Amino acid sequence: MARIIPGIRLWAVLVVALVIGACGGDSENTSENADQENTRLKVVTTVSPITSIVENIGGPRISLEGVVPEGVNSHTFEPTPSMAKLMAGADLIIINGLFLEEPTLALAESNKKDDAVILALGDRSVTPDEWQFDFTFPESAGHPNPHLWPDPNLGLRYAELVQDRLAALDPDNAAYYAGNLEIFRGKVEKMDQAIRAAVATVPEGNRKLLTYHDSWAYFAKQYGMEVIGAVQPSNFSQPSVREVAELIDQVKELGLPAVFGSEVFSSDVLEAIASEADAQFIDDLADDDLPGKPGDPGHTYLGLMKQNLTAMIPALGGDASVVAGLDIRNVFDGASGAVYPQ
Ligand SMILES: [Zn+2]
């Protein structure tokens, strides 16, 4: 017995020591993670292409959460009251601006911390004299077409503004953000060249877009295409019978081989126009619904552009193969933990 008891005691001491050690380690790790979590800049964004651009610059060194779910109409999106808490915790709130997300902006303004910054990328990327007014966004209503990002050059401008602001708010990581911007710039430049090359293969008379959702104004201007119409009225209702008849005549007259619907908006009307005018109906353009699911390698802003070009160019009689080989993945390896609401 006398020999066993010390053995038991030793065992007991070892177990206690191990338990204490394990607990100590755990609580240390947890507090380290919590520290990291607390020190990471908290960034809230709106639509997914913007979330993706911010993710590319901030990578895992920021805490990032988008609020507009993919597949909803971002133009009429109303934030839920629970998003007030998210806004209240944010250091930086990044929106497109140009009147795209007015209810979300109002929620951000009334709930944000005093020192939190709201960065409206679109407002800072073009001047009012560069605003595009057109079909769904008539000048009489005063709100320009807010879809700047389908032109990747403007997407890059967004990334520059994001890098600038992240570096100012989080100088310790400034070099990291600047490095990511340069890699992103390289990818965008390749995308820009590929789009130019792909558009050049489209017969000149076909470099025209009739779309349902009016999101190609800045893209078209950049790449020498013409948006001949957008079917969706400015109040996001349905177009009138007369407007539809005019569009059918226009497509027939121009001999357009294809018209383009959007994934987010059902477009029976455009489908009818296509069939009346004997044009192909392509229903899968998207301006803020990234391909695949969060975490997929192609679920990125550049992945969205690649998908659109792959749908658009061949339907107009061109060759989009130059787009196929582009690397559209994020600039950093692994997961950033960014939240994309679905
Ligand atoms: Zn849109």
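A quick note: this is a predicted structure, and the numbers were derived from the prediction, not measured. (Residues numbered from 1 in each chain as written. Predicted model: local features only at pLDDT ≥ 70, side-chain atom pairs only at ≥ 80, totals over all residues. Heavy atoms only, no water.)

(A) Seen up close, the overall build of the protein chain. Counting secondary structure elements, the protein chain contains 12 helices and eight strands. Buried residues in the protein chain amount to 50% of all 342 residues. Accessible surface for the protein chain amounts to roughly 15,800 Å². Of this, 53% is attributable to carbon and sulfur atoms. (Helix = DSSP H or I, 4+ residues; strand = E, 2+ residues; numbered from the N terminus. Buried < 20%, exposed > 50% of the residue type's maximum accessible area, 1.4 Å probe, protein only. Areas by Shrake-Rupley, 256 points an atom, 1.4 Å probe, with all protein chains shown as cover.)

(B) Representation of empty space enclosed by the protein within the structure. Tallied over the entire structure, the rule returns three cavities of 30 Å³ or more. The volume enclosed by the largest cavity comes to roughly 50 Å³. What lines the largest cavity is simply Thr211, Tyr212, His213, Ser215, Trp216, Phe260, Gly261, Ser262, Leu285, Ala286 and Asp287. Residue contributions to the lining of the largest cavity peak at three residues, all from strand β7 (residues 258-262). Partitioning the lining of the largest cavity into residue classes produces five nonpolar, five polar and one charged. (1 Å grid on protein atoms, 1.4 Å probe; cavity = no way out; pocket = protein on both sides within 12 Å on 5 of 7 lines; lining within 4 Å. Points joined across faces, edges and corners; volume = space filled by probe spheres on them. Nonpolar A, V, L, I, M, F, W, Y, C, P; charged D, E, K, R; others polar.)

(C) Geometry of the layout of surface pockets. If you add up the space inside the largest pocket, you get close to 340 Å³. When the residues that make up the lining of the largest pocket are grouped by side-chain class, the tally is six nonpolar, seven polar and six charged.

(D) Main features of the packing of helix α2 (residues 48-58) against helix α7 (residues 174-200). It is at 7 Å that the axes of α2 and α7 come closest, and there the two elements cross at 125°. Judged on the interaxial angle alone, α7 and α2 are oblique. Contacts between α2 and α7 pair Ile53, Asn56, Ile57 and Gly58 from the former with Tyr176, Tyr177, Asn180, Leu181 and Phe184 from the latter. Residue classes in the contact of α2 with α7 are distributed as six nonpolar, three polar and no charged. (Axes fitted to C-alpha atoms, helices over the stretch in contact; angles between N-to-C directions. Parallel < 35°, antiparallel > 145°, perpendicular 65-115°, else oblique. Contact = heavy atoms within 4.5 Å.)

(E) Quick look at the coordination of the zinc ion. Around the zinc ion, the donor atoms from the protein are His75 (NE2), His147 (NE2), His213 (NE2) and Asp287 (OD), and they sit 2.1 to 2.6 Å away. Metal-centred angles of 76 to 163° between the four donor atoms at the zinc ion mark the site as irregular. Within one chain, the residues donating to the zinc ion are spaced in sequence as H-x71-H-x65-H-x73-D. In this pair, His75 is assigned in the loop between β2 (62-66) and α3 (83-89) and His147 in the loop between α5 (121-125) and α6 (152-169), connecting sequence segments 72 residues apart. Take His75 and His147: they sit in the same class, and that class is buried. (Donors = N, O, S within 2.8 Å, 3.2 Å for Na, K, Ca; no water. Tetrahedral: all angles 85-135°; square planar, octahedral: opposite > 155°, others 65-115°.)

(F) Main features of the sheet that holds strand β1 (residues 41-45). The strand order β2-β1-β3-β4 describes an open sheet built from four strands, whose pairing is parallel. The open sheet is flanked by β2 and β4 (117-120), the only strands paired with a single partner. Pairs of neighbouring strands in the sheet enclose a mean axial angle of 20°, with direction left out of account. Alignment of strand β3 (residues 92-95) against β4, held across four bridges, turns out to be parallel. Counterpart to Ile95 in the pairing with β4 is Ala120. Helix-sheet contacts for α6 involve β1, β2, β3 and β4, and the interaxial angle to β4 is about 165°. (Pairing = 2+ DSSP bridges.)

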